[in-house]
Amino acid sequence: MGKKLVGNHIRKLRFNSDEMTQQQLADKVGVTRQTIVALEKGNYSPSLELAFRIAHAFDLPLEQVFFYGENPKQ
């Protein structure tokens with residue numbers, strides 16, 4: 001079985017949210033900008049709590065921000 005990753009659409013969502021900066025998102029969800037960078041690069045999988053905070057920051061359900069495995073076609 002191949003390696004499955006938790007992926008996300010954070011970069012795209014930031015851009016679509018009035019070009020929100022990584023720092024602005026980090027401040028909203030209570031993490032460092034470096035954490036947002038790592039998430040966007042796929043180098044870090046968030047805790048469940050952080051995933052929900054990020055989804056809430058975009059006012060979206062969790063599954064519209066994060067996905068497991070292959071990136072779903074959009």
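Before reading on, note that the structure itself is shown above.
Report follows, based on the coordinates.

### A closer look at unusual backbone geometry
Most peptide bonds take the trans configuration, and most residues that are not glycine carry a negative phi.
Move 1: Despite not being glycine, Asp18 shows a phi value in the positive range, around 55°.
Move 2: In this fold, Asp18 is placed in the loop between α1 (10-16) and α2 (22-29).
Move 3: Despite not being glycine, Glu19 has its phi angle at roughly 50°, a positive value.
Move 4: Examined against the element boundaries, Glu19 turns out to sit in the loop between α1 and α2.

### A short note on α2
Helical geometry note: an α-helix holds 3.6 residues per turn, so side chains three or four residues apart project in the same direction.
Move 1: Among all positions of α2, only Gln22, Leu25, Ala26 and Val29 are buried. Seen end-on, α2 carries its buried residues on one side only, within an arc spanning 100°. Every exposed residue of α2 that faces more than 90 degrees away from the buried side is listed here: Asp27 and Lys28.
Move 2: Looking one or two places after α2, you find Gly30, whose phi comes out positive at around 80°.

### Some remarks on helix α4 (residues 48-57)
Move 1: Those residues of α4 that sit buried are Leu50, Ala51, Ile54, Ala55 and Ala57. Looking straight down α4, one finds that the buried residues subtend no more than 160° of arc, so they occupy a single side. More than 90 degrees from the buried face of α4, the exposed residues found are Leu48, Glu49 and His56.
Move 2: The elements touched by buried residues of α4 are α1, α2, α3 (33-41), α5 (62-65) and β2 (66-68).
Move 3: Once α4 ends, the next one or two residues include Asp59, with phi positive near 55°.

### Thoughts on the side chain of Asn8
Move 1: Looking at the secondary structure, you find Asn8 in strand β1 (residues 6-8).
Move 2: Among the polar contacts made by the side chain of Asn8, one reaches the main-chain amide nitrogen of Ile10 at a distance of 3.0 Å.
Move 3: If we ignore the near neighbours within four places in the chain, the residues touching Asn8 are Leu39, Glu40, Val65, Phe66 and Phe67.

### Focus: the packing of α2 against α3
Move 1: Where α2 contacts α3, the axes come no closer than 8 Å and their chain directions differ by 110°. Accordingly, the angle class assigned to the pair α2 and α3 is roughly perpendicular. Residues Gln22, Gln23, Leu25, Ala26 and Val29 of α2 form the contact with α3, whose participating residues are Arg33, Ile36, Val37 and Glu40.
Move 2: Here the contact of α2 with α3 is composed, by residue class, of five nonpolar, two polar and two charged.

What counts and what doesn't
- Residues numbered from 1 in each chain as written.
- Predicted model: local features only at pLDDT ≥ 70, side-chain atom pairs only at ≥ 80, totals over all residues.
- Heavy atoms only, no water.
- Helix = DSSP H or I, 4+ residues; strand = E, 2+ residues; numbered from the N terminus.
- Buried < 20%, exposed > 50% of the residue type's maximum accessible area, 1.4 Å probe, protein only.
- Arc of directions from axis to C-beta.
- Contact = heavy atoms within 4.5 Å.
- Polar contact = N/O pair within 3.5 Å; in protein donor to acceptor, adjacent residues only side chain to side chain.
- Axes fitted to C-alpha atoms, helices over the stretch in contact; angles between N-to-C directions.
- Parallel < 35°, antiparallel > 145°, perpendicular 65-115°, else oblique.
- Nonpolar A, V, L, I, M, F, W, Y, C, P; charged D, E, K, R; others polar.

Keep in mind these numbers describe shape, not what the thing actually does.
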